[in-house]
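Next come the chains, spelled out residue by residue.
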Amino acid sequence: MAQLLNSVFMELANELPALIPRHKVAELLGGVISAGYLANLDCEKKGPRRVRIGNKICYPRKSLLEWLQ
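Structure report, in brief. (Residues numbered from 1 in each chain as written. Predicted model: local features only at pLDDT ≥ 70, side-chain atom pairs only at ≥ 80, totals over all residues. Heavy atoms only, no water.)

Once that is clear, we can look at the overall build of the chain. If you tally the helices and strands in the chain, you get 4 helices and 3 strands. Going from the N terminus to the C terminus, the chain shows its helices and strands as α-β-α-α-β-β-α. A compact globule built from 69 residues should have a C-alpha radius of gyration of about 11 Å, and the chain, at 12 Å, falls within 12% of that. C-alpha extents for the chain along the principal axes are approximately 35 × 20 × 20 Å. When burial is assessed residue by residue, the chain has 28% of its 69 residues classed as buried. Nonlocal contacts in the chain, meaning residues at least 24 apart in sequence, comprise 52% of its contacts between residues at least 6 apart. Carbon together with sulfur atoms contributes 55% to the accessible area of the chain, which is approximately 4,800 Å² in total. One way to put it: in the chain the 10 positive side-chain charges average out to a point 10 Å from where the 6 negative ones average out. (Helix = DSSP H or I, 4+ residues; strand = E, 2+ residues; numbered from the N terminus. Rg over C-alpha atoms; globule rule 2.2 N^0.38 Å. Buried < 20%, exposed > 50% of the residue type's maximum accessible area, 1.4 Å probe, protein only. Contact = heavy atoms within 4.5 Å. Areas by Shrake-Rupley, 256 points an atom, 1.4 Å probe, with all protein chains shown as cover. Lys, Arg positive; Asp, Glu negative; His and termini not counted. Charge placed at Lys NZ, Arg CZ, Asp CG, Glu CD.)

Once their charged atoms are close, side chains differing in charge can pair, the charge on each being opposite to the other. Enumeration according to the criterion identifies 5 salt bridges in this entry. The partner of K24 in a salt bridge is E27, with the nearest N and O atoms 3.4 Å apart. Note that K24 and E27 are positioned in helix α2 (residues 22–28) at a spacing of 3 residues, about one turn of the helix. According to the relative accessible area criterion, E27 is exposed, its value standing at 55%. (Salt bridge = Lys/Arg side-chain N within 4 Å of Asp/Glu carboxyl O.)

Another point: the nonpolar core. Listed in full, the 12 residues of the largest apolar core are F9, L12, L16, I20, V25, L29, I33, L38, I57, Y59, L64 and L65. Only α1 (2–15), β3 (56–60) and α4 (61–68) provide two or more residues apiece to this core. Each residue touching F9, except ones within four places of it in the same chain, is listed here: L65, L68 and Q69. (Core = buried A, V, L, I, M, F, W, Y, C linked by side-chain atoms within 4.5 Å.)

Below, the structure written as structure tokens:
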């Protein structure tokens, strides 16, 4: 099982953009995590590291994948 998860994360690392807007996370991860859930975690300082670009919240690919693991 661990080997399967590692291959999934390696595939994601190759396919995801360097910065992922919060509103696109669900779409890019197949609905596994919602934007609302990430927003709630951000309020509690428990989610992945984020950056603000203008009025958008984005997650660096590496930060999001590390948090998911």
